[in-house]
Amino acid sequence: LGPSFPTRRSSDLDEALLNIFFGTGLRVGEVEDLKRTDLKENDLGTYLDVNVYKKGYRYINSTRRIPIKSDCAECIDNYIKLRNDSNGAMFLSKSGQKLSIRGIQDILKRYGVNGQLLRRNFIASLINKGVNAAEVASLMGHKSAEIELKYFDLNKDYEHSAFKTLSELYNKAK
């Protein structure tokens, strides 16, 4: 007899994946690389330890901590509990292997979205809610807040304050 593959429905995987993207703004490659053990909890709440990438290349021994909402963590935990395997990967394909980047992209495509769109929307929502651009940059794994401008179109209500905040950050850095 072969290994026991997950008995979960594909919609359970889809829901967990969409929750990760909506709730963290992670890159597709970062989601692909997640392990079960990356979902952690402490007295401040639930978070993910994520390997840091730069343009697709992993920085060795470098991680960043991403806080996640309890409902997102619960969805991921429920998905993992439905599995009856010992695979360390957080997300598995129907064959029981670690879900590939292409597999993740295909799932997102079924919903008419892609990882970059979800990431930009996450970043824009943080900035529109008043989160400091430097904090957003750090959370997203960027070296500077300047990168945030590439991820979304500033809406008119926030354009002036965002540019002012970014200008202040640039001037302090000089």
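Given the structure is predicted, the values throughout are model-derived calculations rather than measurements.

A. Seen up close, the environment of Thr 37. Within the secondary structure, Thr 37 sits in the loop between α2 (28-32) and β1 (39-42). Counting along the chain gives 51 residues from Thr 37 to Gly 88, while the straight-line C-alpha distance between them is 7.5 Å.

B. Representation of helix α3 (residues 70-82). Relative to the 18 Å expected for 13 residues at 1.5 Å per residue, α3 spans 18 Å between its end C-alpha atoms, a close match to the ideal helical length. Within α3 the residues assigned to the buried category are Cys 72, Ala 73, Cys 75, Ile 76, Tyr 79 and Ile 80. For α3, the buried positions fall inside an angular range of 160 degrees around the axis, keeping them on one side. What points out from α3, more than 90 degrees from its buried face, is the exposed set Ser 70, Glu 74 and Lys 81.

C. Molecular detail of the nonpolar core. Ranked by internal contacts, the top residues of the largest apolar core, which has 37 residues, are Leu 17, Leu 48 and Phe 91. Listed by contribution, the elements that provide at least two residues to this core are α1 (10-24), α2, β2 (45-54), β3 (57-68), α3, α4 (101-110), α5 (115-128) and α6 (133-140). Setting aside residues no more than four positions away along its own chain, Phe 91 makes contact with Leu 13, Ala 16, Leu 17, Ile 20, Val 31, Leu 34, Tyr 79, Arg 83, Gln 97, Lys 98 and Leu 99.

D. Seen up close, α4. For α4, the set of buried residues is Gly 103, Ile 104, Ile 107 and Leu 108. Down the axis of α4, the sector holding all buried residues measures 135 degrees, keeping them to one side. Along α4, exposed side chains directed more than 90 degrees from the buried face belong to Arg 102 and Lys 109. Looking one or two residues past α4, Gly 112 carries a phi angle of roughly 75 degrees, positive in sign.

Reading the values: the criteria
Residues numbered from 1 in each chain as written. Predicted model: local features only at pLDDT ≥ 70, side-chain atom pairs only at ≥ 80, totals over all residues. Heavy atoms only, no water. Helix = DSSP H or I, 4+ residues; strand = E, 2+ residues; numbered from the N terminus. Expected span 1.5 Å × (residues − 1). Buried < 20%, exposed > 50% of the residue type's maximum accessible area, 1.4 Å probe, protein only. Arc of directions from axis to C-beta. Core = buried A, V, L, I, M, F, W, Y, C linked by side-chain atoms within 4.5 Å. Contact = heavy atoms within 4.5 Å.

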